[in-house]
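# Structure assessment
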Amino acid sequence: MSETTVSPATPPTALPPRPDVSALQQAVVETFFGIIQAPDDPEALAGGARVLAELDAALDG
Amino acid sequence: MTVATANNDQILDAIRRHTQADNPSAFLAVNEETSRFVQPDLDGAVCYRAAGGFLVQFGGPFAADADRVELLRRFLEFAREQDRTVVGVQLARYDAELYVEHGFTVNQVGASYAVDLAEHTLRGTRFMQLRNKISRSFRAGLVVEEVDATEHRDAVAEIDAAWLGTKGEHARPLEFLVGQTGGWAQQHRRLFLGSIEGRPTGYISYSPVYGTRAGWMHDLSRRLPGGPPGVMEAINATAIEKFSAEGAGWLHFGFTPFTGLAEEHELPGRSSAFQWFMHHLWEHGEAVYPARTQLSYKEKWAPHTVLPEYVAFQGSADLGAFAHVFRAANAF
């Protein structure tokens, strides 16, 4: 890192935490196989769109 | 909503006449146990299976241009009345674009492969291994013939049972998105059987393909375990010779999920997450579908055309809907 890019006088900017893409991808895989194991389980099914939406937000955001 | 009934002839007529999408797998629409949605005042049909809370639609509406949007609209209404969600699979690009326009999230799910028979040859070093494999099976005594499926029903059943036995204790034959043998539609299919010393060893069933790439689709293919290598390749090579001699245009190898994925095929509004998941299943999805093995067989024949196929989610991309495609196909 170049010294010129950091000024000690500049307070650190609070960045939002970066989504953990690999954890979200793992959740997608687990959710899919969870649905295959229990295709009529409303809780498993409810996760099917949600985990993809979360990963979409992380990938496209 | 009043839903008219459609007989096999009407469905066959619809897929023969309404070929705008050039869906090479359209003949699967006449599979037994596949439901058909038709309306008396509209020219066309939607083919689907109910699975859990979903109606899994095969292909797009096989319908006249003037009626296809209205047929889709009424099918969605029909699903809503049952409190079910529509998920479409094996949509060709022409149909996939229609679903994007109607608020679906559409992603590429795989591809289908086709050989232009006018360009096809097994000459040259590229095909040396394939030729050797075919030669070995013939040297082992293989005889390949086109046969009447009804007369050879027992042979097909014996091969099916032995083939399924190799797939594991809990294996189930896929349905809906794969072809069938027998039944009403058999009169339109062709069956090539390989035998060694009179014993049936393997078969390939071919279904008709309509549209601009008309010809035949290499559909169900099964063989006894433990036979010489190259039996299926020899059966297919024999069928290709016959189809070519008859002047057929194309030999299609059908849909393979998770293959041929490319950014250029994706449509506006696609889910990046689902796109990632398809790539993941290509890399690690052998338990879901043996895509690599299937693709390897198809690539041996050096297909001239690779056609993307799509899944369409009503609303947002949904793993539950996608899982129910496999459920409708009897995969679990």
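Residues numbered from 1 in each chain as written. Chains lettered and ligands numbered in written order. Predicted model: local features only at pLDDT ≥ 70, side-chain atom pairs only at ≥ 80, totals over all residues. Heavy atoms only, no water.

## Structural notes on the interface of chain A and chain B
Contact residues are listed per partner, giving 19 residues for chain A and 21 residues for chain B. For the pair chain A and chain B, the summed buried area comes to about 1600 Å², and 76% of that belongs to carbon and sulfur atoms. For the chain A face of the interface with chain B, the top three residues by lost area are Phe-32, Ile-36 and Leu-52 of chain A, together amounting to 33%. Our enumeration of links across chain A and chain B arrives at one salt bridge. Between Asp-40 of chain A and Arg-327 of chain B there is a salt bridge, with the nearest N and O atoms lying 2.9 Å from each other. Along the contact surface separating chain A from chain B lie seven residue pairs in polar contact (both at pLDDT 80 or more). Those elements that place two or more of their residues in the side of chain A that touches chain B are helix 1 (21-37) and helix 2 (42-60) of chain A. If you tally residues by element for the side of chain A that touches chain B, the top one is helix 2 of chain A, at nine residues. (Contact = heavy atoms within 4.5 Å. Buried area = accessible area lost by both parts, 1.4 Å probe. Salt bridge = Lys/Arg side-chain N within 4 Å of Asp/Glu carboxyl O. Polar contact = N/O pair within 3.5 Å; in protein donor to acceptor, adjacent residues only side chain to side chain. Helix = DSSP H or I, 4+ residues; strand = E, 2+ residues; numbered from the N terminus.)

## Re the pairing of strand 7 (residues 190-196) of chain B
Residue and element names in this part refer to chain B. Of all seven residues that make up strand 7, seven are buried, and the element is covered over most of its length. Of the two faces of strand 7, the one holding Arg-190, Phe-192, Gly-194 and Ile-196 and the one holding Leu-191, Leu-193 and Ser-195 are both buried throughout. Note: strand 6 (residues 142-147) against strand 7, six bridges, orientation antiparallel. Note that in strand 7 the partner of Leu-142 across the bridge is Ile-196. Summarising the sheet, strand 7 and strand 8 (residues 199-209) pair through seven bridges and their orientation is antiparallel. Bridging from a neighbouring strand, Gly-194 pairs with Gly-202 of strand 8. Connecting strand 7 to the antiparallel partner strand 8 that follows it, the hairpin turn spans two residues, and Glu-197 within it adopts a positive phi of roughly 50°. (Buried < 20%, exposed > 50% of the residue type's maximum accessible area, 1.4 Å probe, protein only. Pairing = 2+ DSSP bridges.)

## Describing the packing of aromatic side chains
Taken as a whole and judged by the stated rule, the model has 24 aromatic pairs over all chains. Note on Phe-32 of chain A and Phe-33 of chain A: the rings are 5.3 Å apart at their centroids and 80° apart in plane angle, and the pair reads as edge-to-face. Residue class for Phe-32 of chain A comes out buried when judged on its relative accessible area of 0%. Overall, the relative accessible area of 30% leaves Phe-33 of chain A in the partly exposed class. One aromatic cluster is present, formed by Phe-32 and Phe-33 of chain A together with Phe-258, Phe-274, Trp-276, Phe-277, Phe-313, Phe-322 and Phe-326 of chain B through successive ring pairs. (Phe/Tyr/Trp six-rings, centres within 6.5 Å; stacked < 30°, edge-to-face > 60°.)

## A closer look at the sheet that holds strand 2 (residues 44-51) of chain B
Residues and elements named next belong to chain B. One open sheet holds the 11 strands; their spatial order is 1-2-3-4-11-5-10-9-8-7-6, and the pairing between them is mixed. Edge positions in the open sheet fall to strand 1 (35-37) and strand 6, since each of these has one partner strand only. Averaged over all adjacent pairs, the angle separating strand axes in this sheet is 30°, with direction ignored. The pairing of strand 2 with strand 3 (residues 54-63) spans seven bridges and is antiparallel. Within strand 3, the residue paired with Arg-49 across the bridge is Val-56. (Axes fitted to C-alpha atoms, helices over the stretch in contact; angles between N-to-C directions.)

## Focus: the nonpolar core
Residues Phe-277 and Phe-322 of chain B are the most contacted members of the largest nonpolar core, which totals 57 residues. Per-element accounting of this core gives the leading share, seven residues, to helix 9 (residues 319-328) of chain B. Taken domain by domain, the makeup of this core includes at least three residues from each of domain 1 (8-112 + 256-287 + 307-328) and domain 2 (115-253) of chain B. If sequence neighbours within four positions are ignored, Phe-322 of chain B has contacts with Phe-32 of chain A together with Val-109, Phe-258, Phe-274, Phe-277, Met-278, Leu-281, Val-311 and Phe-313 of chain B. Core analysis: the next-biggest nonpolar cluster, separate from the first, contains 30 residues, Leu-142, Phe-192, Leu-295 and Trp-301 of chain B among them. (Core = buried A, V, L, I, M, F, W, Y, C linked by side-chain atoms within 4.5 Å. Domains from an automatic or database assignment.)

## A few points about the UniProt feature "domain: Phosphatidylglycerol lysyltransferase C-terminal" (unreviewed entry) in chain B
As annotated in UniProt, the feature "domain: Phosphatidylglycerol lysyltransferase C-terminal" (unreviewed entry) corresponds to residues 17-313 of chain B in the numbering used here. Secondary structure across residues 17-313 of chain B divides into 30% helix and 31% strand, with the first and last C-alpha atoms of the span separated by 27 Å. (UniProt positions renumbered as here; feature names shortened; annotations may be inferred.)

## A word on the domain arrangement of chain B
Residue and element names in this part refer to chain B. One can read the domain layout of chain B as domain 1 (8-112 + 256-287 + 307-328) and domain 2 (115-253). The C-alpha centroid of domain 2 is placed 27 Å from the C-alpha centroid of domain 1. The interface of domain 1 with domain 2 comprises 25 residues on the first partner and 21 residues on the second. Where Arg-49 meets Glu-175, a salt bridge forms, and the shortest distance between an N and an O atom there is 2.9 Å. At the junction of domain 1 with domain 2, the criterion picks out six residue pairs in polar contact (both at pLDDT 80 or more). Within the residue set of the side of domain 1 that touches domain 2, elements represented by two or more residues are helix 1 (8-17), strand 2, strand 3, strand 4 (85-91) and helix 9. The leading source of residues in the side of domain 1 that touches domain 2 is helix 1, at five residues. Its residues assigned to classes, the side of domain 1 that touches domain 2 shows 13 nonpolar, six polar and six charged. (Nonpolar A, V, L, I, M, F, W, Y, C, P; charged D, E, K, R; others polar.)

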